[in-house]
Amino acid sequence: MLGIHISVYLALIDFRQAYDNVGREKIYEALQHFWIPNKLIRLVKATMDNTVAKVQVQTEMMELCEIRDDMKQGDDLTPLLFNLVMEYVMRKVTVERNTTV
């Protein structure tokens, strides 16, 4: 042993249905935190506001449903926004022993 003592921390994050658990307000908050220009934030909001979806079950199309607070599945911008939110959250986490986030 070289006598080097290093604290190591491990963060376990369950990413199942991760996009479904990121609220839009948290996205906007993260964008502001990283000094994204207000014009771009307004453009992101414009793509997310008044979003509707139609679900097809076998051969039947269901009625339109409004997507209110979640991230949009399949949107090219979603992975980038999700990564920004995760970076924002990880920077805000206070590391404590034997705790969960």
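Analysis parameters
- Residues numbered from 1 in each chain as written.
- Predicted model: local features only at pLDDT ≥ 70, side-chain atom pairs only at ≥ 80, totals over all residues.
- Heavy atoms only, no water.
- Salt bridge = Lys/Arg side-chain N within 4 Å of Asp/Glu carboxyl O.
- Helix = DSSP H or I, 4+ residues; strand = E, 2+ residues; numbered from the N terminus.
- Buried < 20%, exposed > 50% of the residue type's maximum accessible area, 1.4 Å probe, protein only.
- Core = buried A, V, L, I, M, F, W, Y, C linked by side-chain atoms within 4.5 Å.
- Contact = heavy atoms within 4.5 Å.

Trainee: Just to check I follow, could you spell out the pattern of salt bridges for this structure?
Mentor: Side chains bearing opposite charge may pair, as long as their charged atoms lie close to each other. For the structure shown, the criterion picks out two salt bridges. Across the pair Glu-29 and Lys-26 runs a salt bridge whose closest N-O atoms are separated by 3.5 Å. Residue Glu-29 and its partner Lys-26 are located together in helix 1 (residues 24-33), separated by three residues, close to a single helical turn. Overall, Glu-29 belongs to the partly exposed group, its relative accessible area being 31%. Using a relative accessible area of 36% as the deciding quantity, one classes Lys-26 as partly exposed. Of the charged contacts, one joins Glu-87 and Arg-91 as a salt bridge, the two residues approaching to 2.7 Å between their closest N and O atoms. With Glu-87 and Arg-91 both in helix 3 (residues 78-92) and four residues apart, this pair spans about one turn of that helix.

Trainee: When you look at the nonpolar core in this model, what are you seeing that I'm missing?
Mentor: Soluble, globular proteins show a tendency: their nonpolar side chains are buried together. Residues Val-22, Ile-27, Leu-31, Val-44, Met-71, Leu-81 and Phe-82 are the most contacted members of the largest nonpolar core, which totals 16 residues. Of all the secondary structure elements, the ones that give two or more residues to this core are helix 1, helix 2 (38-48) and helix 3. Ranked by residues supplied to this core, first place goes to helix 3 with six residues. If we ignore the near neighbours within four places in the chain, the residues touching Leu-31 are Ile-36, Ile-41, Val-44, Leu-81 and Leu-84.

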